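Now for the letters of each chain:
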Amino acid sequence: MTCSRGALIVLEGVDRAGKTTQCLKLVQALQQSGREAEMMRFPDRTTVIGQLISSYLMKKSNLEDHTVHLLFSANRWEMVPLMKQKLEQGINLVVDRYAFSGVAFTSAKPGFSLEWCKNPDVGLPKPDLVMFLQLNPSVAENRGEFGTERYETSFFQCTVHRRFEELMEDKSVNWRVIDAARSIEEVHKDIKLLSENIINFSENQPIGMLWS
Ligand code: DGP
Ligand code: NA
Ligand code: NA
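Worth saying up front: this structure is predicted, and the values here are computed from it rather than measured.

(A) Here's a closer look at the nonpolar core. Tyr98, Phe100, Phe164 and Leu167 are the most contacted members of the largest nonpolar core, which has 41 residues in total. By residue number, the principal contributor to this core is helix α5 (residues 99–107), which donates five residues. In this structure, Phe100 is in contact with Glu12, Pro127, Val130, Phe164, Leu167, Val173, Trp175, Leu210 and Trp211, ignoring residues within four places of it in sequence.

Dropping the structure here:
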């Protein structure tokens with residue numbers, strides 16, 4: 001008998017803040033405490049749209065900036081039916097990046113306003129909780145060499161960080177800032193507690209619509 005929905009929990013942050021590690025640990029912890037939980041990530045490089053994005057990120061292809069923004073958004077929209085189905089089945093979804101990365105990364109490019117960037121993602125399932133893994137971009141840089149993908153430069157990441165800060169001023173989204181400069185276990189403890197609380201809080205609430 002499933003009478004309560006799962007929570008939509010998103011982890012955001014600049015590259016190398018530890019999002020993927022923390023998503024995996026959270027899913028594992030929730031499952032160990034007897035809850036249903038699954039991880040998703042965006043971009044999801046496995047779909048046809050995701051493969052276009054992946055090739056762009058690996059610099060194997062060039063795409064016009066507006067076009068690639070819309071592809072990232074489409075890559076989220078194409079997963080919406082599955083996301084809703086899982087949430088309604090009572091499965092908690094832990095998502096590595098979402099529309100906030102979408103806006104922060106594109107609006108870090110010259111000539112792109114926050115408003116324009118948000119538009120294609122308006123109406124996506126609204127996360128019940130968005131945890132921003134806060135890490136100074138220069139500290140992130142010290143965690144090892146950047147990879148060779150597009151966007152992996154310190155200048156670009158600093159601009160992305162500022163865009164995230166602008167997005168976090170929007171109080172219609174349930175943001176929590178997590179100090180990601182601490183150990184993996186310390187960060188995990190905070191994330192787990194916040195997640196358990198929101199799962200209990202959301203189970204009888206309808207799923208909201210992002211930015212609308
Ligand atoms: P990841 O697979 O998490 O390492 O993400 C790949 C890169 O793509 C990373 O630099 C962040 C960036 N990114 C993630 N989502 C979006 C998006 O929606 N739009 C843009 N422009 N970039 C994104
Ligand atoms: Na990356
Ligand atoms: Na990651």
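(B) The arrangement of the UniProt feature "domain: Thymidylate kinase-like" (unreviewed entry) in the protein in detail. The positions that UniProt labels "domain: Thymidylate kinase-like" (unreviewed entry) are, in the present scheme, residues 11–191. Between the end C-alpha atoms of residues 11–191 there is a gap of 9 Å, over a span that is 48% helix and 13% strand.

(C) Seen up close, the side chain of Ser195. Structurally, Ser195 is set in helix α9 (residues 184–202). Here Ser195 is in contact with Ile9, Leu26, Leu129 and Met131, once residues within four sequence places are set aside.

(D) Layout of the site of ligand 1. Within the structure, ligand 1 sits among 13 residues, and Asp15, Phe72, Arg76, Arg97 and Gly102 are positioned closest to it. Arg76 places a polar side-chain atom, nitrogen or oxygen, 2.8 Å from an oxygen atom of ligand 1. Thr106 places a side-chain nitrogen or oxygen 3.2 Å from a nitrogen atom of ligand 1. Relative to its unbound accessible surface of 490 Å², ligand 1 loses 92% to contact with the protein. It is α5 that contributes the most residues to the shell around ligand 1, four residues altogether.

What counts as what
Residues numbered from 1 in each chain as written. Chains lettered and ligands numbered in written order. Predicted model: local features only at pLDDT ≥ 70, side-chain atom pairs only at ≥ 80, totals over all residues. Heavy atoms only, no water. Core = buried A, V, L, I, M, F, W, Y, C linked by side-chain atoms within 4.5 Å. Buried < 20%, exposed > 50% of the residue type's maximum accessible area, 1.4 Å probe, protein only. Helix = DSSP H or I, 4+ residues; strand = E, 2+ residues; numbered from the N terminus. Contact = heavy atoms within 4.5 Å. UniProt positions renumbered as here; feature names shortened; annotations may be inferred. Near = heavy atom within 4 Å. Polar contact = N/O pair within 3.5 Å; in protein donor to acceptor, adjacent residues only side chain to side chain. Areas by Shrake-Rupley, 256 points an atom, 1.4 Å probe, with all protein chains shown as cover.

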